[in-house]
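Here are the chains, one letter per residue:
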Amino acid sequence: MKSKTMKSSIRTHEGRVALVTGAAKGIGQAIALALAERGAQIIVTDIELPGETADKIGSTAHTFQHDVTKEEDWKKLFTKTQYLGGVDIVVNNAGYFPNRPIDELDLTTWRKTMATNLDSHFLSVKYFLPAMRMKKWGRFIGISSNMVGLAITGMSHYITSKMGIIGFMRGLANDVAKVRDRALARLQHVDALDGVPQPPFFSEVQPIPLFVALNEHAEEAEEKLQVLFGLRQ
Ligand SMILES: NC(=O)c1ccc[n+]([C@@H]2O[C@H](COP(=O)([O-])OP(=O)(O)OC[C@H]3O[C@@H](n4cnc5c(N)ncnc54)[C@H](O)[C@@H]3O)[C@@H](O)[C@H]2O)c1
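Described below are features of the structure shown in this document. (Residues numbered from 1 in each chain as written. Predicted model: local features only at pLDDT ≥ 70, side-chain atom pairs only at ≥ 80, totals over all residues.)

### Topic: the nonpolar core
Next, step 1: Residues A18, V20, A32 and I42 are the most contacted members of the largest nonpolar core, which totals 43 residues.
Next, step 2: Ranked by the residues each element gives to this core, the list is headed by helix 1 (residues 26-37), at 8 residues.
Next, step 3: Once residues within four sequence positions are removed from consideration, I42 is found in contact with A18, V20, A32, L35, A36, I57, T60, A61 and H62. (Core = buried A, V, L, I, M, F, W, Y, C linked by C-beta atoms within 7 Å. Buried ≥ 20, exposed ≤ 12 C-beta atoms within 10 Å, placed from the backbone. Helix = DSSP H or I, 4+ residues; strand = E, 2+ residues; numbered from the N terminus. Contact = placed C-beta atoms within 7 Å.)

This is how it looks when you write it as C-alpha cells:
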C-alpha cells in the first residue's frame, strides 16, 4: 500500500472502490490514474507489484501482486480487499497478445491467452459480484479490441479471446438483469484509433471506463463509444 494524495477537481468517483488489473503500465495504468484523479479508491494489481502506478496515484492506491489466470490469486485478492468494504468497479484490463501465425501457435500459448484474457473475467465476477449484489451497485468493465473486426495475421488466439469477452459480458448482463440486481455489466470495445497505443490514444481511451463507471451515464457512454469506433452513426 502507498500513501500520498492525488488532487483533482473532478471528484466524480468519490466513495467508489475500483480495481484495475494489469495496471503496471499502458492502458491499465492510464485507467487507474484517471479513476484515482476522480476520487475513487484504487486497487491496482499486476503479475508483478505495480509500484510505478501506485507511486503516481498516491494515498488512494492499494497495490497487490495478482496473476489474473489463477483462481487462488483472485480468492486472496478478494479476502485482502475486504477492509475496503467491497469493490464497486472492476476493470478487467490485463491482457496477453503475442503474435503467432496459426502454424506456429501451440496449445500452451492458446491456453495462456484464454486464461489471461477470458478466465480472468469469469473469476473476477465469481469473487466480486456477490458483494456488488449486496450493495446494489457495481460495474464490470471488459476491454475487448478493435482487432475482432480487423484482418490482422497471427492473432487467431487473441481475436478468439476478445470475442469471448463480448459474449461473456452479454451473458453476464443477462444474468444480473434477471435477478434485478443493479450490478451492471457493459460491453465496451476499447480500440486504438490507429492501432498503435500512442499518447493521444490513451487520452481517447481513458474517459470511456470512467464514463461507464458512472451510473447515470452508462447508456450514453455505450452510444458514444459505438459512434466513436464506427459501429453506429
Ligand atoms: N494496445 C492496444 O492497441 C490495445 C487495443 C485494444 C485492446 N487492448 C487491450 O487493452 C488491454 C491493455 O493493453 P496494453 O496495450 O496496455 O498492454 P500492456 O502489455 O502495456 O499491459 C498489459 C498489462 O497486463 C499485465 N498482465 C499480463 N498478464 C497478466 C496476468 N496473468 N496477470 C496480471 N497481469 C497480467 C502485464 O504485466 C501488463 O502490465 C489488454 O487487454 C489489451 O488486449 C489493447
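### Things to note about the pairing of strand 1 (residues 17-20)
Next, step 1: Because side chains alternate across strand 1, one face comprises the buried residues V17 and L19, and the other comprises A18 and V20, equally buried.
Next, step 2: In terms of handedness, the path from strand 1 via helix 1 over to strand 2 (residues 41-46) forms a crossover that is right-handed.
Next, step 3: In this structure, strand 1 lies alongside strand 4 (residues 89-92), joined through 3 bridges in parallel fashion. Counted as the bridge partner of V20 is V91 from strand 4. (Right-handed = clockwise from strand over helix to strand, strands pointing away. Pairing = 2+ DSSP bridges.)

### What about unusual backbone geometry?
Next, step 1: A positive phi angle is found at K136, which is not glycine, with a value near 60°.
Next, step 2: Positionally, K136 belongs in the loop between helix 4 (107-135) and strand 5 (138-143).
Next, step 3: Taking the C-beta count within 10 Å as the criterion, K136 has 10 such neighbours and is therefore assigned exposed.

### A short note on the packing of helix 3 (residues 71-80) against helix 4
Next, step 1: Between helix 3 and helix 4, whose axes approach to 10 Å, the crossing angle comes to 30°. Relative to helix 4, the element helix 3 is oriented roughly parallel. For the crossing formed where helix 3 meets helix 4, the hand is right-handed. Packed against helix 3, whose contacting residues are E71, W74, K75 and F78, the element helix 4 presents L123, S124, Y127 and F128 at the interface.
Next, step 2: Looking at side-chain class alone, the contact of helix 3 with helix 4 contains 5 nonpolar, 1 polar and 2 charged residues. (Axes fitted to C-alpha atoms, helices over the stretch in contact; angles between N-to-C directions. Parallel < 35°, antiparallel > 145°, perpendicular 65-115°, else oblique. Left-handed = near helix turned anticlockwise from the far one by under 90°. Nonpolar A, V, L, I, M, F, W, Y, C, P; charged D, E, K, R; others polar.)

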